[in-house]
Amino acid sequence: MVDVIQVEGVAKQFKIHHERHQSLKERLLHPKSGSVELFHALSEVSFNVADGETVGILGHNGSGKSTLLKCICGVLQPTSGVIRLRGSLAALLELGAGFQHELSGRDNVYLYGAMLGFSRRMIDAIFDEIVAFSELEQFIDTQVKFYSSGMYVRLAFAVAVNVNPDILVVDEVLAVGDERFQAKCIDRIRQFQEEGRSILLVTHNADTVRALCSRAIVLNSGAMIADGPVQDSLRIFREHMLEQAIEHDRSGSQSQVSIDAITTPSGSFDVRSGAGLHFDVDVTADTAYSGNFVMEVFTRAGLLVSRSAAQGAPVNLKPGANRVAVELPSIPLLDGVFDINVGIMDERGNTVIAWREQAATMQVLYDGHAGGVVELSPSIRQQ
Ligand SMILES: Nc1ncnc2c1ncn2[C@@H]1O[C@H](COP(=O)(O)OP(=O)(O)OP(=O)(O)O)[C@@H](O)[C@H]1O
Ligand SMILES: [Mg+2]
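Residues numbered from 1 in each chain as written. Chains lettered and ligands numbered in written order. Predicted model: local features only at pLDDT ≥ 70, side-chain atom pairs only at ≥ 80, totals over all residues. Heavy atoms only, no water.

Engineer: I'm lost on the site of ligand 1 in this one. Help?
Structural biologist: Around ligand 1, the neighbouring residues are Phe14, Phe39, Ala41, His60, Asn61, Gly62, Ser63, Gly64, Lys65, Ser66, Thr67 and His204. A distance of 3.0 Å separates an oxygen atom of ligand 1 from a polar backbone atom of glycine 64. The set of elements that each furnish at least two residues to the shell around ligand 1 consists of strand S2 (35–50) and helix H2 (65–73). In terms of residue count, H2 provides more of the shell around ligand 1 than any other element does, three residues in total. Here the residues of the shell around ligand 1 are counted per class, giving three nonpolar, eight polar and one charged. (Near = heavy atom within 4 Å. Polar contact = N/O pair within 3.5 Å; in protein donor to acceptor, adjacent residues only side chain to side chain. Helix = DSSP H or I, 4+ residues; strand = E, 2+ residues; numbered from the N terminus. Nonpolar A, V, L, I, M, F, W, Y, C, P; charged D, E, K, R; others polar.)

Printed below as a string of structure tokens:
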């Protein structure tokens with residue numbers, strides 16, 4: 001396979017100026033005061049994106065995701081390392097990057113097009129399509145500074161996808177649009193995939209990565225800590241986030257909880273479709289802790305089949321070893337292999353306290369003739 005993006009040993013450093021003298025007068029009097037510190041936003045990042053691949057980039061706030069995308073798009077120059085691109089590229093960068101606020105939506109479409117290397121004539125030919133996709137017909141001659149953030153993203157996304165680039169780079173922004181527009185963007189991204197184009201996608205949403213990406217990269221403080229199948233990268237990402245959250249919480253003397261093992265009485269997670277499944281989760285707590293037990297079931301293709309309510313199952317952990325028994329009375333799934341994730345959330349269901357990604361793999365055996373993921377057992381009669 002041909003690589004459309006090659007990133008080799010890319011590093012980016014920013015100079016951070018620490019000024020001791022803030023006022024203009026003081027700065028004029030002490031011109032050389034203050035110090036400059038080098039901040040390493042990216043260090044030694046290397047990966048390739050093959051033709052037709054969709055790669056997700058995960059990482060907590062400030063981990064370097066946007067910096068990396070800007071280097072790939074040429075908005076920023078890496079301090080060292082090499083980036084090679086094959087084919088045309090269109091990018092949807094962070095909110096605020098790309099548009100001139102004093103200009104109208106119409107002028108910005110041409111300006112943005114020019115930035116992507118399109119002549120006025122070429123944009124003329126696709127202008128109506130762009131506006132139709134954005135659904136901003138009424139506002140296209142309004143100055144962009146009066147746009148809401150959702151409208152802004154609509155227009156930027158409409159330009160980026162309608163210029164038909166070989167590579168599409170999207171930074172987070174999709175989350176800004178309303179649900180309907182988000183669905184439209186996701187549909188468009190899928191169409192892109194079917195056409196064999198390559199996509200690089202930054203998001204904080206694990207479900208989006210599961211739904212769209214074949215591979216994911218995890219950045220942590222500017223360094224790549226994972227590059228592999230989505231399931232593996234998500235596990236590393238979540239476990240890493242959790243470690244940091246726990247570190248952070250320790251100062252507030254939060255108790256530490258860990259999930260040790262997940263077992264069934266028979267030792268097997270094979271189950272007949274329609275039958276029940278019982279499993280036990282062993283949890284160790286440093287101190288007494290009241291939280292909620294949550295579980296998720298995913299198909300191997302990364303489709304979320306079910307996530308239990310974040311506040312649905314209170315647990316009162318005692319210091320030391322605890323066991324949580326989980327009873328699934330009847331599993332309506334069809335034939336397949338499913339991953340089970342389990343976790344403990346805080347009392348209000350807001351924060352994950354402990355998590356085990358892919359804690360168990362369940363194999364469902366079904367010998368009927370229905371297709372899909374779930375058996376709805378419809379009762380059908382002609383009237
Ligand atoms: N122009 C700049 N000058 C100095 N520091 C910068 C600059 N741009 C980014 N940084 C720093 O580099 C680090 C990485 O920023 P970046 O925007 O790439 O993070 P991110 O992973 O996209 O975060 P988020 O999830 O919040 O979007 C941050 O600590 C940020 O403060
Ligand atoms: Mg960012």
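Engineer: Looking at this structure, how should I read the sheet that holds strand S10 (residues 257–263)?
Structural biologist: Strand pairs in the sheet, formed through backbone hydrogen bonds, run parallel or antiparallel to each other. If you walk across this open sheet you meet the three strands as S10-S12-S16, and the pairing is antiparallel. A strand with exactly one partner marks an edge of an open sheet, and here the two such strands are S10 and strand S16 (320–328). This sheet shows a mean twist of 25 degrees between the axes of neighbouring strands, independent of strand direction. Pairing of strand S12 (residues 277–285) with S16 involves nine bridges; the strand directions are antiparallel. Residue pairing across strands places leucine 277 opposite leucine 328, the latter belonging to S16. (Pairing = 2+ DSSP bridges. Axes fitted to C-alpha atoms, helices over the stretch in contact; angles between N-to-C directions.)

Engineer: I'm lost on the domain arrangement of the chain in this one. Help?
Structural biologist: Often the size quoted for an interface is simply the accessible area lost on bringing the parts together. Splitting the chain by domain gives domain 1 (3–234) and domain 2 (255–365). Placing the centre of domain 1 and that of domain 2 at their C-alpha centroids yields a distance of 36 Å. Listed by partner, the interface residues are five residues for domain 1 and 11 residues for domain 2. Taken together, the two surfaces of domain 1 and domain 2 that pack against each other cover about 560 Å², and 32% of this comes from carbon and sulfur. Of all residues in domain 1, Asp207, Arg210 and Gln231 bury the most surface against domain 2, accounting for 90% of the area lost on that side. On inspection of domain 1 and its partner domain 2, the count reaches one salt bridge. Of the charged contacts in the structure, one is a salt bridge between arginine 210 and glutamate 357, with a shortest N-O distance of 2.7 Å. Our count for the domain 1 to domain 2 interface comes out at two residue pairs in polar contact (both at pLDDT 80 or more). (Domains from an automatic or database assignment. Contact = heavy atoms within 4.5 Å. Buried area = accessible area lost by both parts, 1.4 Å probe. Salt bridge = Lys/Arg side-chain N within 4 Å of Asp/Glu carboxyl O.)

Engineer: Please explain unusual backbone geometry as it appears in this structure.
Structural biologist: Note on backbone geometry: most residues besides glycine have negative phi, and most peptide bonds are trans. Even without being glycine, glutamate 44 reaches a positive phi, approximately 50 degrees. Note that glutamate 44 resides in strand S2. The exposed category is assigned to glutamate 44, whose relative accessible area is 59%. Located in the positive-phi region is serine 377, a residue other than glycine, with phi close to 45 degrees. Looking at the element boundaries, serine 377 is found in the segment after strand S18 (352–365). (Buried < 20%, exposed > 50% of the residue type's maximum accessible area, 1.4 Å probe, protein only.)

Engineer: I tried to follow the pairing of strand S7 (residues 198–202) on my own but got confused; where do I start?
Structural biologist: Regular strands show a simple pattern: their side chains alternate between the two faces of the sheet. With five of five residues buried, S7 is to be regarded as a mostly interior element. Burial along S7 is two-sided: the face carrying Ser198, Leu200 and Val202 and the face carrying Ile199 and Leu201 are both buried. As paired strands, strand S3 (residues 54–58) and S7 are joined by four bridges and run parallel to one another. Each residue of the ladder has a partner; that of glycine 56, found in S7, is leucine 201. In this structure, strand S6 (residues 167–171) lies alongside S7, joined through five bridges in parallel fashion. The residue bridging aspartate 171 from the neighbouring strand is valine 202, located in S7.

Engineer: I would appreciate a short explanation of the side chain of serine 198 in the present structure.
Structural biologist: Take serine 198: it is sitting in strand S7. Among the residues examined, serine 198 registers a relative accessible area of 1% and is labelled buried. Each residue touching serine 198, except ones within four places of it in the same chain, is listed here: Val4, Val49, Ala50, Asp51, Gly52, Glu53, Asp166, Ile167 and Leu168.

Engineer: Where do I start with H2 in this structure?
Structural biologist: Of all nine residues making up H2, seven are buried, and the element is well covered by its neighbours. One or two positions beyond H2, positive phi appears at glycine 74, with a value near 85 degrees.

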